[in-house]
Protein chains: 2
Amino acid sequence: MVRIGGVTVTERSVGQNAQLALLLEVSGTPKPGNVDREREYDDLRFEHFMAGAVGARPGLDRAAAGDPIGPAFETAVEGMAGQSAGNTQFGALLILTPLVAAASGGRLSPSGMDAVVRETTVEDAAAFYRAFEHVDVAVDDPPDGLEPLDVRRGSNAIPVLRARDLTLFDVMAESADVDGVAAEWVSGFERVFEASERLLDGSGPVADRASDVFLELLAAEPDTFIVTRQDRETAEEVQRRAQAVLDGDEDATKLAEEFVERDINPGTTADLVAGGLFVALERGLEV
Amino acid sequence: MVRIGGVTVTERSVGQNAQLALLLEVSGTPKPGNVDREREYDDLRFEHFMAGAVGARPGLDRAAAGDPIGPAFETAVEGMAGQSAGNTQFGALLILTPLVAAASGGRLSPSGMDAVVRETTVEDAAAFYRAFEHVDVAVDDPPDGLEPLDVRRGSNAIPVLRARDLTLFDVMAESADVDGVAAEWVSGFERVFEASERLLDGSGPVADRASDVFLELLAAEPDTFIVTRQDRETAEEVQRRAQAVLDGDEDATKLAEEFVERDINPGTTADLVAGGLFVALERGLEV
C-alpha cells in the first residue's frame, strides 16, 4: 500500500482486484439463496468458490493484459472449472472479463464499457461458445429459430456464428431481455456501476456492504437465473421478499435458509455484485 | 482439469495451490479462536484474509519461479499487508514460501524441506528482517544477548546478521524452541506433513477436514502464538480444551465463541494447517 495525501492507494493489479471481487462476493452474508460464508449446498460449497476464484485468475490476467475478451473469458472459465462442483462463477466472469479489459485500458465507465463490448468480434463469440464445453451451465432453450445458436452446442455452433457474422456483443444482445448478465452488456453495465456506487457510499465491513447491495439489487428486478432454473413466478416472489427484508418485514437469515432449502439461487444478482465490487475496488474501496 | 485413469489431476500451478491453501485454511469452521467463516474480530475480519491471500500471490509465485526464499517471502508479506488489518498470514507465508520452493523443485518431502531451508543465505535472512517493516507482527522480546537481532529492528538488524554470518535457517533455528513455525523449519516440516496426511486420509468437505486437523494439532502441542500474546498457561489451557472437544466433552462452536471473546487466537496452529493444505493439494487433494 502507498499513502498519498492521507489516502491509501492499493497496489493490487487489475487482475488481483477482479479475483478479490470474486472472493468478497461469496464472503458477504446473508445473501438469501446464494452460497455464502454461512450457507452452502451439498454439491456447491463455499470452498468451490475459493478454488474457482483461484483458477479463474489466469484468464482475468489475460483480459488485463489486453488479450481479446472471448479467449480471456474462456481461459477464466476453464480455470474456474478446476474444482469438483462445476459452475461456480461463469456469470460473474462474463461480467468481470470486459470490466477488467476496460479497467486496464483506462475505460472503466458506462460509455467505456459500451465501447469495449461493441469491439468484440466473431472470434470472441466463438471462444464464448467454447467456454460452455468446460462446464455445465443452466440455460434455457433458445427462442424459436435460434436453435443453431444454442450455447449448449458449444463449438459446434461456431460455423453458424461465422456464417451469420455474429460478434460476442451480438450474441449477448440476443439474450439481453432474458438474461441479467447479457442485459448489462447492452446497457453500459448500468446496474454494476450503480452497485459500485452503493458499495463505495456504504460504511463498515465490505462483506456486509456486499450483502446489503445484493438485497437491494434482488428487490429491484427479478433474478434471471431463477427464471431459468425455476420460473418467472418464483423470481418475482424472490424479488418481493427481498423488498420485505429491506422494509424490515422479513428476516434475511431466515429467508436465506428457506431459499437454500428450496434450491432458489439468485446467481445473476450475485454476478452483478461481483462486478460492482470490482469497480468499487478499482475506484478505491478499501478492504 | 485432466482425468488420467479415472483420477482428476488439477492443473493449478504451485503458486495457485499455495493461494488456495490460504483461502481454504480460513474457510474451515469452527477453528476455536481463529478467524473463520463464522467468527471474526472487529479489526481482523474474514475479508482481510481474502485480500491477504490475493496480495500474497506474487511473492508465492516468485518462490515457485525459483527466486530465493527470503526475497520471495518479503514480497509475499508486502502484498499480504495490502489491506487494513495488518498481519493476517505472516506465519502461514513463512511456512508456505519454502514449501512452494520445494514443490516447484520437486523436493516436497521432509528431507527435501530440510535441504531447502538449509540452503538459505544471509541475504534471505536480511529479506526476512525487512519483511517486518511491512507489517506489525506480535513477537516476544528476544532472549538475553540476542537484542541486536530483535526482528522488530527490521533492516537495522541486517548489519548484525552480516557480521555474524547468519542465514535465514540460522535465524529460525534460534527461535525453534519458542516458535511453532520456526520449529517446522528445523524439523523437516514434520507437523505440516503429518497434517497433510490427515487431510488426504479424511473425507467430506475440505473445509471440514481443515477444522478437524486444526483441532488435532491444537490438542497436540501448545500454540506458540498464544504463548507470545498471552502466556504459556493460557496456551496449555487451550491445548487441554481442544482435546476435550476431540473427546466429546466440549462443544467446538461454544469454545470458538469463548476464545474469540477472550482474544485467544491460536495463529501458529492455523499456519500449520495452511502448510498441510498446500502439501495435500500438491499431492492430489480434490476440492
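Residues numbered from 1 in each chain as written. Chains lettered and ligands numbered in written order. Predicted model: local features only at pLDDT ≥ 70, side-chain atom pairs only at ≥ 80, totals over all residues. Heavy atoms only, no water.

(A) Broad picture of the overall build of chain A. A tally of helices and strands in chain A yields 15 helices and 2 strands. C-alpha atoms of chain A, sized along the principal axes, occupy 50 × 50 × 35 Å. Within chain A, contacts between residues at least 6 apart in sequence are counted, and of these 68% link residues at least 24 apart. Looking at chain A as shown, the accessible area adds up to about 10800 Å², and 45% of this sits on carbon and sulfur atoms. Charged side chains in chain A number 25 positive and 53 negative. The centres of these two groups are separated by 3 Å. (Helix = DSSP H or I, 4+ residues; strand = E, 2+ residues; numbered from the N terminus. Contact = heavy atoms within 4.5 Å. Areas by Shrake-Rupley, 256 points an atom, 1.4 Å probe, with all protein chains shown as cover. Lys, Arg positive; Asp, Glu negative; His and termini not counted. Charge placed at Lys NZ, Arg CZ, Asp CG, Glu CD.)

(B) Structural view of the relation of the copies chain A and chain B. Laying chain A over chain B is done by rotating through 180° and shifting 0.0 Å along the axis; what remains is an RMSD of 0.0 Å. Interpreted geometrically, this transformation is the action of a two-fold axis. Closest to the rotation axis within chain A is the C-alpha of arginine 37 of chain A, separated from it by 2.7 Å. (Least-squares fit on C-alpha atoms with pLDDT ≥ 70 in both.)

(C) Expanded view of the packing of aromatic side chains. Tallied over the entire structure, the rule returns 13 aromatic pairs over all chains. Seen from their ring centres, phenylalanine 90 of chain A and phenylalanine 128 of chain A are 6.5 Å apart, and the 55° between their planes marks the pair as tilted. With phenylalanine 90 of chain A in helix H4 (residues 90–104) and phenylalanine 128 of chain A in helix H6 (residues 122–131), this residue pair connects regions lying 38 residues apart in the sequence. As far as burial versus exposure is concerned, phenylalanine 90 of chain A and phenylalanine 128 of chain A are alike and both buried. A centroid spacing of 4.8 Å and a plane angle of 50° characterise the contact between phenylalanine 90 of chain B and phenylalanine 132 of chain B, whose relative ring orientation is tilted. Residue phenylalanine 90 of chain B is located in helix H4 (residues 90–104), and its partner phenylalanine 132 of chain B is located in the loop between helix H6 (122–131) and helix H7 (158–164); the two are separated by 42 residues in the primary sequence. Each of the two residues, phenylalanine 90 of chain B as well as phenylalanine 132 of chain B, counts as buried. Ring pairs connect the aromatic residues Phe73, Phe90, Phe128, Tyr129 and Phe132 of chain A, which therefore count as one cluster. A cation sits over an aromatic face here: lysine 31 of chain A above phenylalanine 214 of chain A, 5.3 Å from the ring centre. (Phe/Tyr/Trp six-rings, centres within 6.5 Å; stacked < 30°, edge-to-face > 60°. Buried < 20%, exposed > 50% of the residue type's maximum accessible area, 1.4 Å probe, protein only. Lys NZ or Arg CZ within 6 Å of the ring centre and 35° of its normal.)

(D) View of unusual backbone geometry. All names here are of chain A. A cis amide bond, omega -5°, links threonine 29 with the succeeding residue proline 30. Structurally, proline 30 can be placed in the loop between helix H1 (14–27) and helix H2 (46–64). Positive phi, normally seen in glycine, also occurs at aspartate 165, with a value near 55°. Along the chain, the position of aspartate 165 falls in the loop between helix H7 (158–164) and helix H8 (168–175).

(E) Focus on the interface of chain A and chain B. Listed by partner, the interface residues are 31 residues for chain A and 31 residues for chain B. Between chain A and chain B, roughly 2600 Å² of surface is buried when both sides are summed, and carbon and sulfur atoms account for 56% of that area. It is Arg37, Glu47 and Val54 of chain A in chain A that bury the most area against chain B; as a group they hold 25% of the surface buried on that side. The interface formed by chain A and chain B includes 2 salt bridges. Where glutamate 40 of chain A meets arginine 37 of chain B, a salt bridge forms, and the shortest distance between an N and an O atom there is 3.1 Å. (Buried area = accessible area lost by both parts, 1.4 Å probe. Salt bridge = Lys/Arg side-chain N within 4 Å of Asp/Glu carboxyl O.)

(F) Molecular detail of H6 of chain B. All names here are of chain B. The element H6 is extensively covered by neighbouring structure, given that 8 of its 10 residues are classed as buried. Listed as buried for H6 are Val122, Asp124, Ala125, Ala126, Ala127, Phe128, Tyr129 and Ala131. Where the residues of H6 are buried, they touch helix H3 (69–80), H4, H7 and helix H8 (168–175). The N-cap of H6, judged by a side-chain oxygen 3.2 Å from the amide nitrogen of glutamate 123 a few residues on, is threonine 121. (Polar contact = N/O pair within 3.5 Å; in protein donor to acceptor, adjacent residues only side chain to side chain.)

(G) Region of interest: the pattern of salt bridges. Residue and element names in this part refer to chain A. In total, this model carries 48 salt bridges over all chains according to the counting rule given. The shortest N-O distance in the salt bridge between glutamate 216 and arginine 198 comes to 2.6 Å. Of this pair, glutamate 216 sits in helix H11 (residues 206–220) while arginine 198 is found in helix H10 (residues 190–201), placing the two residues 18 residues apart along the sequence. Each of the salt bridges in this network shares a partner with another, and the network as a whole consists of Glu237, Arg241, Glu250, Glu258 and Arg262.

(H) Seen up close, the packing of helix H10 (residues 190–201) of chain B against helix H15 (residues 267–282) of chain B. Residue and element names in this part refer to chain B. Taken N-terminus to C-terminus, the directions of H10 and H15 make an angle of 60°; their axes are 7 Å apart at the nearest point. As the angle between them shows, H10 and H15 are arranged oblique. Our pair here, H10 against H15, has a crossing hand that is right-handed. Where H10 abuts H15, its residues Arg191, Val192, Phe193, Ala195, Ser196, Leu199 and Leu200 lie against Leu272, Gly275, Gly276, Leu277, Val279 and Ala280. Across the contact of H10 with H15, the residue classes break down as 9 nonpolar, 3 polar and 1 charged. (Axes fitted to C-alpha atoms, helices over the stretch in contact; angles between N-to-C directions. Parallel < 35°, antiparallel > 145°, perpendicular 65-115°, else oblique. Left-handed = near helix turned anticlockwise from the far one by under 90°. Nonpolar A, V, L, I, M, F, W, Y, C, P; charged D, E, K, R; others polar.)

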